[in-house]
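# Structural characterization, general
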Amino acid sequence: MLLSAILTGLVLGGTYALVAMGLTLQYGVARIMNLAYGDVIIAASFGAFVLFTALGINPLLGMLVVIPAGFVLSWLIYAVMLQPLARRSRDRGRLEGDSILATFGLLFVIQGVALVIFGAGFQSYSFLAVPVDILGTTIAANRLLAFVLAVVFGLGLWLMLTRTRFGTVIRAVAANPASAPLVGINVDSAARFAFALGGALAAAGGVVVSMYLTFSATMGVIFTMKALIVVIMGGVGNLMGALAAGLILGLVETLVASFIDPGLTLAATYLIFLAVLVIRPQGLFGKAAR
Amino acid sequence: MMKLLAALVALAALAFVPAFAGPYPLGLGIGILGYGVLATAWAMFSGPTRYISLATVAFFGLGAYTVAVLADVLPYPLVLLVAALVGLVVALIVGLATLRLAGIYFVIFTFGLTELVRQLVTYYEVNVTRTLGRYVFLPIGPEHIYWQLLALLAATLAIAFWVSRSRIGLALRVIGDDPDVASHLGVRITRTKLTLFSISCVIMTLAGAIQAPRWTYIEPSIVFNPTTSFLVVIMALLGGPNRLFGPLLGAIPLFLLFEWLSANFPNHYSIILGLLFIAIVFVLPNGVLAAGDSLWSRLTRKAVRP
């Protein structure tokens, strides 16, 4: 019982970590606090759902469509909606406020579209729902696949950021957007790309979520919330921190759901958040975030 | 002095509305007053500090729920007092945890607060009291709700006016402009923010408590509707969060628009409102009143320069 709860928790935590990595890119590099992030996740879940149920396309192949779609959509959102705000605002505080408000409006737009198309009910589909034995306990194969995917995407992102020239550019903008132009970096396009990459990770997370969880059009807020908490716990811009924080959050939630009450998972999440804010607001592994 | 007199005359005139208005216009009046109170209270704290609170409905719903739970047990004025206390306690918890940090933590905390409170209330009702929905039977007609809301709105505007003229309001504006300067000037940043946030939240809680008898039937998904938080922010932004009457002026057209949209486009109103919201953030970053002022000054300058 405990072991299976821990395994389930690690799977959930892996998904949270994957999703939070995208948000930490968007906030750390593009300086956009994206409140519509969770709705992009849910949109991708619906995308995978439609591809699977209507066209019979395996979600793994579906990712080849959904992830680029998430990238393009986020690129467009940034170029059309957020870049003008970034150009207009002189200081970071102003951009933060404006981007929070603009993406708060966007949240209702995306959620409204999802509600019109799919209604408010919970959706799910059955993919690879076969039991697998691990360490004497059973877990559904789709959950295992979800965890593997989270690891692959997380590792890929980490390698890209640390081993490629492009990753160095992104990290330079994250570290100091004012000095990056001095070494010939185009901050605008780097920020746009980082925002789009974050959207692609959100889409990947959405497909992963749709493989093993039920989801509904109004659940985006909860995903945004959890991703934000993971980002803050791990320290803004810190990928490894996001990974550790995501796993902790997933474990705690599953343990609370299986041993105390499923109705209290969000309360447990908030309790952790509260503890982090009171004890270490700069994050478990991070430096002070302004 | 003349302004005060005009305000009192307007208040007295508005108090006579229920005498000749039919039930539908009276309902509209209650809605406008309710949102006017919420938007003014929101702007009182979030306007000068730019700490965007997304949890209006968490406090509003707490007030309504307190009335639903206690209406049969306590006399009505005492119920309102308890509701205000509940709002105060929650505001203090949220404020103490987040207001000593940068604004972004506050926004994130309030973003999920509604969902948290809704789930906790649901959990409590399902597991402890074993009733999810509640009925509110109070001998309070729509005209009484109207008068109570009118009184609350007058009180809120008076507090907002007093805040804008007092030391604490000045301190709050300095904090909003530059927290470092504020702390060098000897402003107690956290205490100032916490005080204003608590006042604003208690008013929101009371607005929910007063309107509770209108629903008759109350359950968490009704009173903790996130659209309310959304509407309050957009109303305050449209009118201008840094003006005394800005939020109220924003509330009137947007409430009527919302009524019309939810009657005619029940499935699409959140898309339309979301787009409108984005447009307001883009076009009117400081609200209609400020935009009107700058347009006016541009026009008059042109007139002077022939």
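As a starting point, this report considers the structure included with it. (Residues numbered from 1 in each chain as written. Chains lettered and ligands numbered in written order. Predicted model: local features only at pLDDT ≥ 70, side-chain atom pairs only at ≥ 80, totals over all residues.)

### Notes on the overall build of chain A
- Along chain A, the regular secondary structure elements total 10 helices and 2 strands.
- For chain A, the succession of helices and strands along the chain, N to C, is α-α-α-α-β-β-α-α-α-α-α-α.
- The C-alpha radius of gyration computed for chain A amounts to 18 Å, which stays within 12% of the reference 19 Å derived for 290 residues, consistent with globular compactness.
- Principal axes of the C-alpha set define a box for chain A whose edges measure 55 × 45 × 35 Å.
- Out of the 290 residues belonging to chain A, those deemed buried represent 54%.
- Across chain A, the fraction of contacts at a sequence separation of at least 24, relative to all contacts at a separation of at least 6, is 77%. (Helix = DSSP H or I, 4+ residues; strand = E, 2+ residues; numbered from the N terminus. Rg over C-alpha atoms; globule rule 2.2 N^0.38 Å. Buried ≥ 20, exposed ≤ 12 C-beta atoms within 10 Å, placed from the backbone. Contact = placed C-beta atoms within 7 Å.)

### Concerning the overall build of chain B
- A tally of helices and strands in chain B yields 15 helices and 2 strands.
- Here chain B has a C-alpha radius of gyration of 20 Å; the compact-globule value for 306 residues is 19 Å, and the two agree.
- When burial is assessed residue by residue, chain B has 46% of its 306 residues classed as buried.
- Relative to all contacts within chain B whose residues are 6 or more apart in sequence, the contacts with residues 24 or more apart total 78%.

### A word on the pairing of strand β1 (residues 131-134) of chain A
Residues and elements named next belong to chain A.
- Alignment of β1 against strand β2 (residues 137-140), held across 4 bridges, turns out to be antiparallel. Within β2, the position partnered with Asp-133 by the bridge is Thr-138.
- The loop that links β1 with its antiparallel partner β2 comprises 2 residues; one of these, Leu-135, has a positive phi angle of about 50°. (Pairing = 2+ DSSP bridges.)

### What to know about the packing of helix α4 (residues 56-70) of chain B against helix α10 (residues 189-215) of chain B
Residue and element names in this part refer to chain B.
- Where α4 contacts α10, the axes come no closer than 7 Å and their chain directions differ by 45°. On the basis of their axis angle, the class for α4 and α10 is oblique. Between α4 and α10 lies a crossing of right-handed hand. Each of Thr-56, Phe-59, Phe-60, Gly-61, Leu-62, Gly-63, Ala-64, Thr-66, Val-67 and Ala-68 in α4 lies in contact with α10, whose residues at this interface are Cys-201, Met-204, Thr-205, Leu-206, Ala-207, Gly-208, Ala-209, Gln-211 and Ala-212.
- In terms of residue class, the contact of α4 with α10 is made up of 12 nonpolar, 7 polar and no charged. (Axes fitted to C-alpha atoms, helices over the stretch in contact; angles between N-to-C directions. Parallel < 35°, antiparallel > 145°, perpendicular 65-115°, else oblique. Left-handed = near helix turned anticlockwise from the far one by under 90°. Nonpolar A, V, L, I, M, F, W, Y, C, P; charged D, E, K, R; others polar.)

### Side note on the interface of chain A and chain B
- Each side of the interface is counted separately: chain A has 35 residues, and chain B has 31 residues.
- When contributions to the side of chain A that touches chain B are tallied by element, the ones reaching two or more residues are α4 (92-118), α8 (220-234) and α10 (265-279) of chain A.
- Top element by residues in the side of chain A that touches chain B is α4 of chain A. It accounts for 15 residues.
- For the side of chain A that touches chain B, a count of residues per class yields 26 nonpolar, 5 polar and 4 charged.

### Regarding helix α7 (residues 187-212) of chain A
- In this model α7 of chain A runs 38 Å from its N-terminal to its C-terminal C-alpha over 26 residues, within 8% of the 38 Å that 1.5 Å per residue would give.
- Along α7 of chain A, 23 of the 26 residues are buried, which leaves the element largely enclosed by surrounding structure. (Expected span 1.5 Å × (residues − 1).)

### Some remarks on the nonpolar core
- Of all hydrophobic cores here, the largest spans 200 residues; its most connected members are Val-230 of chain A together with Ile-234 of chain B.
- Ranked by residues supplied to this core, first place goes to α7 of chain A with 17 residues.
- Those residues in contact with Ile-234 of chain B, other than ones at most four positions away along the chain, are Leu-254, Leu-273, Phe-277 and Ile-280 of chain B. (Core = buried A, V, L, I, M, F, W, Y, C linked by C-beta atoms within 7 Å.)

### Topic: the packing of α8 of chain A against α10 of chain A
Residues and elements named next belong to chain A.
- Interaxial distance between α8 and α10 falls to 10 Å at its minimum, and their mutual angle equals 30°. By the criterion of interaxial angle, the relationship of α8 to α10 is roughly parallel. Between α8 and α10 the crossing geometry is left-handed. Taken together, the residues of α10 that come into contact with α8 (itself represented by Lys-226, Ile-229, Ile-232 and Met-233) are Thr-269, Phe-273 and Val-276.
- Of the residues contributing to the contact of α8 with α10, the split by class is 5 nonpolar, 1 polar and 1 charged.

### Description of the environment of Ile-134 of chain A
Residue and element names in this part refer to chain A.
- Along the chain, the position of Ile-134 falls in strand β1.
- Taking the number of C-beta atoms within 10 Å as the measure of exposure, Ile-134 has 12 and is therefore exposed.
- On a C-alpha basis, the gap between Ile-134 and Leu-7 in space is 9.2 Å, while along the polypeptide they are 127 residues apart.

### Comments concerning the environment of Ala-151 of chain B
- Its location among the elements puts Ala-151 of chain B in helix α7 (residues 142-165).
- Distance in space between the C-alpha atoms of Ala-151 of chain B and Asn-264 of chain B is 32 Å, their sequence separation being 113 residues.

### Some thoughts on unusual backbone geometry
- The backbone of Arg-31 of chain A sits at a positive phi, close to 60°, despite the residue not being glycine.
- With respect to the secondary-structure elements, Arg-31 of chain A resides in the loop between α1 (2-28) and α2 (37-55).
- For Thr-216 of chain B, which is not a glycine, the phi torsion comes out positive at approximately 70°.
- Structurally, the position occupied by Thr-216 of chain B is in the loop between α10 and β2 (217-218).
- With 12 C-beta atoms counted inside 10 Å, the residue Thr-216 of chain B sits in the exposed group.

### Notes on α10 of chain B
- Across its 27 residues, α10 of chain B extends 40 Å between first and last C-alpha, which sits within 8% of the 39 Å expected from 1.5 Å per residue.
- Thr-216 of chain B, located one to two residues past α10 of chain B, shows a positive phi value of around 70°.

### Notes on the environment of Pro-18 of chain B
Residue and element names in this part refer to chain B.
- Inspection of the secondary structure assignment puts Pro-18 in helix α2 (residues 17-20).
- When the 21 C-beta atoms within 10 Å are taken as the criterion, Pro-18 is described as buried.
- For Pro-18, the residues in contact, after removing those within four places along its chain, are Leu-26, Glu-143 and Tyr-146.

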